[in-house]
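Chains, contacts and geometry: an overview
Each chain, written out:
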Amino acid sequence: MDRPDRREPVAIVPGPARVPSSIGLESEALRDSRDVQAGADTSHPIGGIRIYPGQGDGALSDRQFERVVAYVSRNMDGPLRVRELAAEVGLSPSHFTRAFSVRLGKSPYAFIMEQRMHHARNLMMNTGQKLTEIAGNCGLADQAHLTRMFRRFEGTTPARWRRLRRSDPKADCQTLETQG
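Values in this document were obtained by computation on a predicted structure and should not be read as measured data.

What follows is about the overall build of the protein chain. A tally of regular secondary structure across the protein chain gives 9 helices and 3 strands. Counting every atom, the protein chain has about 11,400 Å² of accessible surface; 52% of that belongs to carbon and sulfur.

Structure follows, in structure tokens:
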């Protein structure tokens, strides 16, 4: 016996579907409750099974990014793990890594190492600390780790960079590379 198909045809409309944020997208539900009072659009774009709170392109929001930067700055002298950064903004580690990469075009690890090297440069220029102390203050294992990472970022060793910068504070990276 053939039964006629009683299902209605469904029209598929191009563009992202919208779901109300009241489904509790991690910590975003709290933020959205304030937006409802202000009359803001509180739905989130979805595509398939991925739900990205905040910006429609899947990137970290400005607020989330600022929280991550502040967390990295506060904890520079110790280990920084993706799961800790993700917890800071209420995301899973895998979602955080994707959203972070969309926001900056680089991985969280690359960003953390850039921040560590920036901190190391500041300490070398503005303090008399030994390189072993600077390595520890930047969350690196030891002076050898600092030297490897610094050479990767700056093209020279920390000791040489410090010596050249102290003799000529306006020296730029091209000057350092041509002398090496």
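Applying the stated criterion across every chain yields a total of 5 aromatic pairs. Plain terms: the ring middles of F65 and F100 are 6.3 Å apart, the flat faces sit at 45 degrees to each other, and that makes the pair tilted. Of the two residues, F65 sits in helix α2 (residues 62-74) while F100 sits in helix α4 (residues 93-104), which places them 35 residues apart along the sequence. In terms of burial, F65 and F100 fall into one category: buried. A ring pair is formed by F65 and F111, whose centres lie 6.1 Å apart and whose planes are at 55 degrees; its orientation type is tilted. Of the two residues, F65 sits in helix α2 while F111 sits in helix α5 (residues 108-126), which places them 46 residues apart along the sequence.

So, on to the nonpolar core. Among the nonpolar cores identified, the biggest contains 16 residues, and L60, V68, V72, L85, F96 and F100 are the most heavily contacted of them. Sorting the residues of this core by element identifies α2, α3 (82-88), α4 and α5 as the ones contributing at least two each. With 4 residues, α2 is the single largest residue contributor to this core. Beyond its immediate chain neighbours, meaning those up to four positions away, F96 contacts L60, V68, V82, L85, A86, V89, L91 and P108. By size, the runner-up hydrophobic cluster in this structure holds 14 residues, among which are M124, L131, L140 and L146.

Quick notes on the rules
Residues numbered from 1 in each chain as written. Predicted model: local features only at pLDDT ≥ 70, side-chain atom pairs only at ≥ 80, totals over all residues. Heavy atoms only, no water. Helix = DSSP H or I, 4+ residues; strand = E, 2+ residues; numbered from the N terminus. Areas by Shrake-Rupley, 256 points an atom, 1.4 Å probe, with all protein chains shown as cover. Phe/Tyr/Trp six-rings, centres within 6.5 Å; stacked < 30°, edge-to-face > 60°. Buried < 20%, exposed > 50% of the residue type's maximum accessible area, 1.4 Å probe, protein only. Core = buried A, V, L, I, M, F, W, Y, C linked by side-chain atoms within 4.5 Å. Contact = heavy atoms within 4.5 Å.

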